[in-house]
Structures are given as C-alpha cells and as structure tokens.
Amino acid sequence: MSSAASSFFTSSISAKLGHQKSKSVAESNTAIQLDGTKEKIKSMFDKTELSVSPYDTAWVAMVPSANSLQAPCFPECSKWIVDNQLNDGSWGLHNRDPLIVKDSISSTLACVLALKRWGIGEKQVNKGLEFIELNSASLNDQKQYEPVGFDIIFSGMLEHAKEFGLNLPLDSKYVDSMLLSRDFDLKTGSGSKTEGRKAYLAYISEGIGNLQDWNMVMKYQRKNGSLFDSPSATAAASIHLHDPSCLSYLQHALKKFGNAVPTIYPFDIYVRLSMVDTLESLGVARHFREEIKTVLDDTYKYWLQGNEEIFQDCTTCVMAFRILRANGYNVSSEKLNQFTEDHFFNSLGGYLDDIRPALELYKASQIILPDELFLKKQISWTSQFLKQKISSGLRHTDGINKHITEEVHDVLNFASYADLERLTNWRRIALYRVDETKMLKTSYRCSNITNEHFLKLAVEDFNTCQSMHREELKHLGRWIVEKRLDTLKFARQKLSYCYFSAAASLFAPEMSDARISWAKNSVLTTVVDDFFDVGGSEEELINLVQLIERWDVDGNSHFCSEQVEIIFSALHSTICEIGEKAFAYQGRRMTSHVIKIWLDLLKSMLTEALWLKSNSTPTLNEYMTNGYTSFALGPIVLPALFFVGPKLTDEDVSSDELHDLFKTMSTCGRLLNDWRSFKRESEEGKLNAVSLHMIYGNGAVAEEEAIEKIKGLIESERRELLRLVLQEKESNIARPCKDLFWKMMKVLNLFYLKDDGFTSNQMMNTANALINQPISFHDLCAKIEV
C-alpha cells in the first residue's frame, strides 16, 4: 500500500471512528436526559400539582368565624390574597391566555370583595379596581371565554360590591343590566325546571346568595361535606348556613394546599388516572409499570369500596372503568348503567353541554363484551351528541381547551378496535398540549396531566423506536432478496404493509424479535396465499405440503419446480431461525411447533384449492371450519407469542384457551375478508361466507341481507375475543400473549375498515410516514405556541 493510500485509509478510519464516537456520545447524552425526564415524571405520581384558585380562595376567605360574624374563619386565606396579587393588579393564573380576561376580572373582583369584607389590603383593593377598569371592555367581548355561571356569579358579586360600598369602575347601566338579567334568569329558570338546572344553580350558589333555595342546595352535599367538590360553592353554603360539614371540608382543603384552595377538590383519583391514560396514549407507559400498577391497584380498591370521588363524577367513573378493564381488572359495567342519555341531560354536565363526560363515556362503552348490549345504546347517543357539538362549533365547559374538538374528531374517526397502538401514539403526540388551561368557574392548570416532560419523553421515545424500525425494515428487504422471494412473479410485494402491521402493534425495542417473526411470516403467508391462489399448479401445491411434512429434505430432486424450491427454502430457513431464536425466551427450541402451524395452514389452503378446482360447494360449516385456518394468521401470530416475554408450556401451546383465542380472531378476520372482497371474489368465481349464506338461503337471502348477517357475526366474534383477552379468572395464558391476538384484531379491522386494505394501496402513505418521518419536538412546541 502506498504512503498516500495508507494516509487516506488511516484518515478515513479515524473520521469514521470519530463520527461513531460523536454519535455514541450524543446517544449517551440523550439517554441521560431521558432518564432525568423519567425520574421527574415518576415523582409526579406522588403529588397532585393543581393550580390554586384565587377565585375560590376569596370565597373561602369570606366565610365568617363561628364565634363572630365580624371576624374571618380563615384569616390565612385573606393573607394569601394580599401576598399573591399579580403585577398588573389582577389575581389569577400566571401567563394566562389573552382570551380569559373575563375570568381574571371575576377572580380579581372576588379577591377585592374578600379584602373589603374584612377591611384589609387597601392598596391591593385599589390596584384590583384599576385592573377591572382597564379591562372592563372585555366584559362585553363575545370572543372571550366565560367561566361556568359567569353571568349569575359576576352579577352576584356586583351586588356584594354595592353592599360593601365599593365604587366599582364600571358603567352603571352595565351593572344594572346584569343584575336585572340575573334576577330574570333566576325567576324564570331559563324555561327549565330540570334536575340539571337545579344542580347548576346549586353549583353556582355563591352568585345567588340570599335568593338561593338553600334547602334544595344541601341535597347535593357530598359525604366529604362539599357541594360538587367546589370550595367556592361550599364556602357560600358555610356563609349562609354555618354548616359544620362544609367547614370541615374547607379545613381539609386548606390543610392539604396551605393558605389557598384549588377550584376543585378532591381531584387526586381523576388526576392519577389521567396520568395513566396520557402515558398510555403517548406510548411511554412501559417506562412506569410500577407507578401505574400502584395507581390502578388503588383505584380498583376505591372502586370496590364505592368511593364517592369515583362514582359521584361521570368522567372519573367511566375513565376508571375503561382503564381498569383494559388493564385486566374485574370491573362491572353495571356501574355505567346509570349514565343513560336521560341521566346525562338531567345532570350538571348535561345542562352545561359538557363534552368531556360524554367523550369518556363513548370511549368506555367501546370496551364492550358479549353480554353488555346496553353499552351499544351508550355508544349511539354519545356519538350523536359529540358529532352535534363539534359540528355546531360551540364553546365547551372544558373551557379554553381549544383542542377538545380535535380530540373528539380523533376518537370518533378511529374506533378503538380498529386503531393500531403506534398510530394512536403518533396522533396523540401531535395533539398533545403543554401546560393546558381548563375552565370551570375559574381557570386552572394541572401539571400532572399536561407538561413538557410527557411530550419530550414521548417524542424521543417515538424517534428512538422509529430508528430501530427503519433498520429492521432494511434488514427485511435484504432477506427477501436473499431468499429470492422477489423473483416470484405471481407474489404480491407487501413488505411495507407486513412490517407496518408489526411495528405499529409491537413497537417497543424489546419486541424486536417478535416484530421480525411477525413480519417475515406475514411476507411468507402472502407469498404462499398467492401461490395457492394463482401461482402454483396442483402438483406444485401438493409437492410443497409433502415437503413440509417430510421437513428434512436432502437435495433438489424433491422439488417439482423452482418456485417450490424457493418457497420451501424460505419457509425452512425461517422456521428454523424462529424455532432456535425462541430458545432464549422459552428455554427450549420451538421449531416443531412452528412447523405444525405452517403445515395446518398449507393443508387448509390445499383443501380450498381442491374445492375450487373440482367446483365443489362446501357447507357453510365446512367452509368456516377450514376457513379460519386458511386465513393465514396462524404463522403470523402464534410464533410471535414466543417472543413477547412470558414462557408458554407445551400444554399452553396446545390448550383449548389458546385455540379459542386463535379461532375467534381468525374467524373474525375471515369474515371481514369475505365481506370486503365479496364482489371481487364473485367475479373470479370463488366462494366465500357471503355467497354461501346466499346459496344455502335457497334464494331467500339477498346480498344485502347476507352482508348484514356477516357484519353481525363479525361484531359478535370481536366482542368474544375481547372477553377472552380480558378474562383473568380461569385463564392460564399470560396477558401479554393474549394481547397479541387483540393487536392482530385491530390490524384486521383497520385493514378492512373501508375495503380490502391489504390489497389496496391507500394506507401506504401512513405506513411510510410512521416508519420514516421522525417527530420534531421543536416543531410541536412552535405549533403549540401558535
């Protein structure tokens, strides 16, 4: 080697090593940063970080002492108000949205009234009045978001201001108009005497004062002493009734939060469940298994105890049901019976047209088991309600959450049984909002639910997994060429689809072997399906089956064609690879099991091919008995079970439970395929479940009727599979293994959502984007700021 060449070689190696070192350092720094982010998130499970509410604190501050009406019961609240005025003279959230000025004015007036009530903080009072004057134009701005009950509550505070002799910097005509409007609203009831209206008036009691029917209000008092877990409403009851349970509730709230209160308390169960839900939807829950299990165990305990914090709130109750059931806890759907359409519209949430409880009920109702048909009614009315609300463009009591409409669109457009996990993560990351502000009677934030750490971890984790997925897809592309599968002219080239279904269902780094097994067998089942369908002669089909039966084939003389040789060689090497690789997971080679899975498939395909060749018409039972195996999910799903973690004994592999899971999943897939491909297969002269229903209906069953029958069977099989996956009692198959069947069910329902999605190319853009387009944390943050 010349000195010049040697110098070039040395410098090239040095540059490459330098690049690798730089890449290694960058990856190490990223890992350290992610570890730090994970630790911050873990700490959030221990404490609810809920913003304090100056508005509610002001009402608590106005509660008089039990010993003297001229002294405050909670002087510490008045001190907090004095010490926490913002620089502009207002009270409220820091860095508030410019569209919540009405809320700031409401909070500021409440704080001014509290200080005036006890004759303290003259300086703060004057600054507060200046803020109200400078921003008074916002009171008539229709673009501003209004807190719940603003018209009545603000009017009530204006009346208090008159009583306290406060000279408010507001137009007297505006003040008189609001008071008249409030009185008219209270007298007429806005034309409504419903239970929802009564609950609403009780919830905003602080704005009604002496005009309130306090006997009616106290019917809503909860076991913890509160009204609707609202410190302001409870404080109003304390002011007027001196109820000891109300006072006890307020004391507990102050003990927990210090000298101020939030706008809702207690809130811990909802917040912790929301954390679990958020982490699951962002695809990072696996990093917090211990913390999540603690939350779910605690929630399940509270569920069994009938805890008021769960069951008094529709949103919390249905979210608890959905998350607990999805994670294998035995919770009865009977608890959801109460949330009928009539109940909802006669509740506080229904009166306020609140989207959140209806959205949660819609999501919970989709986890429907075979004997829970009443949940279909829940799905029906909630979906109609949600569609109507987002089409109307109305604002919601979820407040200034500007993206609630996007979330509703997402949930309505992607049914949970037809949505792959990684696609969900991808969309939810894009929709996620940091430090989101929500609105009840005042604005609030909860950093446990919306924060930068969640988004940062989700983006980095998504991109890390995606990078691994890209390398695996390249490996699979080389494998196809190496095995000469690309030379088979009859075979569809569907590697992207095959790998997409694996990566979107089993995305975690530790699932690499499961993904590769899933993807390779998906490719091979596609090739074999096309071979038995159009590519092979009867002699070749029988030859391939016999070769798999014999297995140890010596020499090329046993192959009747090059096509058979290519397919058998690819099957043989892949089956051996999977069987041997499974040793690390199962403690034994699983080759014989994989051979049997493939042999069952090939024999069922041969049966169908011979039916077609001889123009035989099987009975519907014969067709389905053979058809669930010939649908070719066995080699994709069953070997992948060996790589998802839990060990499977030989008894497990041959158990009735595993067979029922496989048969139910495959039957649903066969029916989906036959429904969507009926017209094409009829033109090709092939029989399927739809045509057989028509044939054996003796001319009495029309195409539409047969299709409706098939759709009903699909829904029934889907519910049954969910029951098998979720059941814990009398189940010997570990949940991660059972989940694999439900993941494939989602793939099937997505691919056949509108047509035969595997045959069409409509999903290619989605598949390519999911694998090849990293997410930019910077771009997401810029979008959020806009």
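These figures come from a predicted structure and were not determined experimentally.

About the thresholds
- Residues numbered from 1 in each chain as written.
- Predicted model: local features only at pLDDT ≥ 70, side-chain atom pairs only at ≥ 80, totals over all residues.
- Heavy atoms only, no water.
- Helix = DSSP H or I, 4+ residues; strand = E, 2+ residues; numbered from the N terminus.
- Buried < 20%, exposed > 50% of the residue type's maximum accessible area, 1.4 Å probe, protein only.
- Contact = heavy atoms within 4.5 Å.
- Areas by Shrake-Rupley, 256 points an atom, 1.4 Å probe, with all protein chains shown as cover.
- Lys, Arg positive; Asp, Glu negative; His and termini not counted.
- Charge placed at Lys NZ, Arg CZ, Asp CG, Glu CD.
- Disulfide = S-S within 2.5 Å.
- Core = buried A, V, L, I, M, F, W, Y, C linked by side-chain atoms within 4.5 Å.
- Patch = residues over 30% accessible without salt bridge, like charges linked within 9 Å, V, L, I, M, F, W, Y side chains within 5 Å.
- Salt bridge = Lys/Arg side-chain N within 4 Å of Asp/Glu carboxyl O.
- Axes fitted to C-alpha atoms, helices over the stretch in contact; angles between N-to-C directions.
- Parallel < 35°, antiparallel > 145°, perpendicular 65-115°, else oblique.
- Left-handed = near helix turned anticlockwise from the far one by under 90°.
- Nonpolar A, V, L, I, M, F, W, Y, C, P; charged D, E, K, R; others polar.
- Phe/Tyr/Trp six-rings, centres within 6.5 Å; stacked < 30°, edge-to-face > 60°.

## Description of the overall build of the protein
In terms of regular secondary structure, the protein is built from 38 helices and two strands. Judged by the C-alpha coordinates and their principal axes, the protein covers about 105 × 90 × 45 Å. Among the 786 residues that make up the protein, the fraction classed as buried is 56%. Restricting the contact set of the protein to residue pairs at least 6 apart, pairs at least 24 apart contribute 73%. Of the roughly 34700 Å² of accessible surface on the protein, a fraction of 50% belongs to carbon and sulfur atoms. Averaging the positions of the 87 positive and the 103 negative side-chain charges in the protein gives two centres separated by 2 Å.

## Remarks on the state of the cysteines
By the definition in use, this model includes zero disulfides. Of the cysteine sulfurs around C446, a residue in no disulfide, the closest is that of C781, at 19 Å. Exposure remark for C446: the relative accessible area of 6% places this residue in the buried category.

## Quick notes on the nonpolar core
The biggest cluster of nonpolar side chains holds 180 residues, and the ones touching the most others in it are F532 and F741. Not counting chain neighbours up to four residues away, the residues in contact with F532 comprise L541, L544, V545, L602, M605, L606 and A609. In this structure, L113, M157, L166 and V217 belong to the second largest nonpolar core, which totals 69 residues.

## Topic: a nonpolar patch on the surface
A surface patch of nonpolar side chains, amounting to about 250 Å² of accessible area, comprises L687, I695 and Y696. Within the secondary structure, I695 is located in helix α34 (residues 689–695). When its relative accessible area of 39% is taken as the criterion, I695 is described as partly exposed.

## What to know about the packing of helix α15 (residues 314–326) against helix α18 (residues 355–365)
Two elements in contact, α15 and α18, have axes separated by 9 Å at closest approach and are oriented at 20°. By the angle class used here, α15 and α18 are roughly parallel. The handedness of the crossing between α15 and α18 comes out as left-handed. Residues C314, T315, V318, M319, F321 and R322 of α15 touch α18, and the partners they reach there are R356, P357, E360, L361, K363 and A364. Looking at side-chain class alone, the contact of α15 with α18 contains seven nonpolar, one polar and four charged residues.

## Considering the side chain of N626
The residue N626 is located in helix α29 (residues 620–630) in this model. The exposure class of N626 is buried, given its relative accessible area of 14%. Not counting residues up to four positions away in its chain, the partners in contact with N626 are S604, T607, E608 and W611.

## A few points about the packing of aromatic side chains
Summed over all chains, the structure comprises 24 aromatic pairs. When the ring of F344 is compared with that of W381, the centres are 5.3 Å apart and the planes differ by 40°; the resulting orientation is tilted. One end of the pair, F344, is in helix α16 (residues 341–345); the other, W381, is in helix α19 (residues 374–392), with 37 residues separating them in the sequence. Owing to a relative accessible area of 5%, F344 belongs among the buried residues under this scheme. When the ring of W551 is compared with that of F568, the centres are 6.4 Å apart and the planes differ by 70°; the resulting orientation is edge-to-face. With W551 in the loop between α25 (538–550) and α26 (562–581) and F568 in helix α26, this pair connects stretches of sequence that are 17 residues apart. Ring pairs connect the aromatic residues F344, F345, W381 and F385, which therefore count as one cluster.

## Overview of the pattern of salt bridges
The full count for this structure, using the stated rule, is 54 salt bridges. For the salt bridge of E577 with K520, the shortest nitrogen-to-oxygen distance reads 3.0 Å. Of the two residues, E577 sits in helix α26 while K520 sits in helix α24 (residues 512–535), which places them 57 residues apart along the sequence. For E577, a relative accessible area of 26% puts it in the partly exposed group. On the basis of relative accessibility, which here comes to 2%, the residue K520 falls in the buried class. When the shortest N-O distance is used, the salt bridge between E720 and R723 registers 2.7 Å. Taken together, the positions of E720 and R723, both in helix α35 (residues 703–726) and three residues apart, correspond to about one turn of that helix. What makes E720 partly exposed here is its relative accessible area of 22%.

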